[in-house]
Amino acid sequence: MTDADRRSFIAQTAGALAGFALSPDFVFRPPSRGRAARKVAVIGIGRQGRAILDELRKLDAVEIAAVCDVVPTRVRAGTDNAPGAEGIADYRELLTRRTDIEAVFIATPTHLHKDIALAALQANRHVYCEAPLAHTSADARAIAEAAARASTMFQSGLLARTNPIYQRARSLVGTDSVRDVVSLYAQSQRKTSWRFPAPDAALTQAFNWRLDPPVSIGLAGELGTHQFDVMSWLRSKPPARVQGTGSIRLHNDGRTIPDTIALQLYWDDGVVLHYQATLANSYGGTYEVVHGTNAALRLAGTHGWMFKEADAATQGWEVYATVQQFHQDEGIVLVADATKLAEQGRLKEGAGLQHPPLYYALAEFVRSLDGGTMAGATAAHGLQATLIGIAAHEAVKTGRVVDIPAV
């Protein structure tokens, strides 16, 4: 950065609320491949299963050897997405016949996770299981207990804990950069119906399980679980209680699962998370905000920003900067390996993640198979996040304050 740039930086940020785009302090390296790629399988080839296939194909350390789904059209979609993979309809056949497969990725509907996860662990396979772990507390606990007994690795699909930008943000919480947490806010807003056409009328209910009250934990469970875990992880402790409301604001199609919810989650030290989710409006999308006495952090999947208070001292890592406008405020973009990128004239390229957050979670899971240490979300983390999501859904249904069990 030139002297003129530094003077411009000081002039633009003095007395203003500055936004910093947070990027990791290290260059991410994918897991290395051994003599042969590890053979893996994906169980459940719906939307999330196909997303997992897309990201796994980027990792040289694995070979997608099989895809599994009870719906034939999805099996064909899976084998098209992963050429060379065998299509199998029954996960039990997969586990008994394909003994060469070391790890499975479970992306079925939430209420189907338990039986598959327990069978895979019993078969001595490494397991990556999407979050929430299950639709009931009992099922989630059964998965976590089985994972604790197993000799193989188990990772819950909570993406924040392996997201380099979220890791960077967590390193600032509790330091002078952010200082004391004042309040928390998160939202998930998108305009969609959660209703999907099925290739066969007999599969309509199965395809629309999120709208089926006996098995669905609603917006609070399916979406909120992930964002509640962000805040629990950033604060190093889960909330203690939750209350909320829900209603149908747009999709009056006979459903009883609310398409819009609002929640308050309470920590014992007085901090409150205000959360809202809707399928009726897309404004703002999905993000989380931590308000601190020195700064606020806004995290949005592939990007993150810090908004410093005018009276907060400079920490010394705001040297290499690209100015970005945030409504009435000017933001300073920070990037990983800033010195090297500046020399190459590539500072702006480093503002966000190179891959979707899912990629980093899958890569860390594969890396853990070599190191024997889980870098991502463990089964216990998955259990705690799931219990929060289930409690939040119960609060929406009943209108009562619900205590959150601690793991």
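What you see is a predicted model, and the numbers here were worked out from it, not measured in a lab.

## Regarding the packing of aromatic side chains
Okay, step 1: Taken as a whole and assessed by the stated rule, the structure comprises 6 aromatic pairs.
Okay, step 2: The interplanar angle of 40 degrees and the centroid separation of 5.6 Å between the aromatic rings of F105 and Y128 together place this pair among those described as tilted. Residue F105 is found in strand β5 (residues 103–106), and its partner Y128 is found in strand β6 (residues 126–130); the two are separated by 23 residues along the sequence. Y128 shares its class with F105; the two are buried.
Okay, step 3: With a centroid separation of 5.9 Å and 50 degrees between ring planes, the pair formed by Y185 and Y287 is classed as tilted. Taken together, the residues span a long stretch of sequence, with Y185 in strand β8 (residues 181–189) and Y287 in strand β12 (residues 286–292) at a distance of 102 residues.
Okay, step 4: Classification of Y287 by relative accessible area gives buried; the value is 12%.
Okay, step 5: Taken together, the ring pairs connect F105, Y128 and F365 into an aromatic cluster.
Okay, step 6: The ring of F207 carries R74 above its face, with NZ or CZ at 4.1 Å from the centroid.
Okay, step 7: Here the guanidinium or amino end of R298 rests over the ring plane of Y287, the centre of that ring lying 3.7 Å away.

## Observations regarding the pairing of β12
Okay, step 1: In terms of residue burial, β12 counts as a mostly covered element, since 5 of its 7 residues are buried.
Okay, step 2: In the sheet, β8 pairs with β12 via 7 bridges, with the strands oriented antiparallel. By the bridge assignment for β12, Q187 is matched with Y287.
Okay, step 3: Where β12 lies against strand β13 (residues 295–300), 4 bridges are found, and the strand directions are antiparallel. From the neighbouring strand, H291 faces β13, where its bridge partner is A296.
Okay, step 4: Counted along the chain from β12 to the antiparallel partner β13, the turn is 2 residues long.

## Some remarks on the confidence of the model for the protein chain
Okay, step 1: Per-residue confidence for the protein chain averages 88 on the pLDDT scale, and 84% of its residues sit at or above 70.
Okay, step 2: Scored below 50 in pLDDT, residues 1–16 shows 15 contacts in the model against residues more than four places distant or in partner chains.
Okay, step 3: Overall, residues 334–341 carries pLDDT values under 50, and its contacts beyond four positions in sequence, including any with other chains, amount to 24 contacts.

## Focus: unusual backbone geometry
Okay, step 1: The omega torsion across A131 and P132 is 0 degrees, close enough to zero to call that bond cis.
Okay, step 2: Despite not being glycine, R179 has its phi angle at roughly 65 degrees, a positive value.
Okay, step 3: Residue position: R179 is located in the loop between α7 (164–172) and β8.
Okay, step 4: One non-glycine residue, W194, lies in the positive phi region at around 65 degrees.
Okay, step 5: Mapped onto the elements, W194 comes out in the loop between β8 and α8 (204–207).
Okay, step 6: When its relative accessible area of 5% is taken as the criterion, W194 is described as buried.

## Some points on the sheet that holds strand β4 (residues 86–88)
Okay, step 1: The strand order across the open sheet built from 6 strands is β4-β3-β2-β5-β6-β7, with neighbouring strands paired in parallel fashion. Whereas interior strands pair on both sides, the edge strands pair on one side only; in this sheet they are β4 and β7 (154–157). Strand-to-strand, the axes of this sheet are offset by a mean angle of 20 degrees, without reference to chain direction.

Reading the values: the criteria
Residues numbered from 1 in each chain as written. Predicted model: local features only at pLDDT ≥ 70, side-chain atom pairs only at ≥ 80, totals over all residues. Heavy atoms only, no water. Phe/Tyr/Trp six-rings, centres within 6.5 Å; stacked < 30°, edge-to-face > 60°. Helix = DSSP H or I, 4+ residues; strand = E, 2+ residues; numbered from the N terminus. Buried < 20%, exposed > 50% of the residue type's maximum accessible area, 1.4 Å probe, protein only. Lys NZ or Arg CZ within 6 Å of the ring centre and 35° of its normal. Pairing = 2+ DSSP bridges. pLDDT = per-residue confidence, 0-100. Contact = heavy atoms within 4.5 Å. Axes fitted to C-alpha atoms, helices over the stretch in contact; angles between N-to-C directions.

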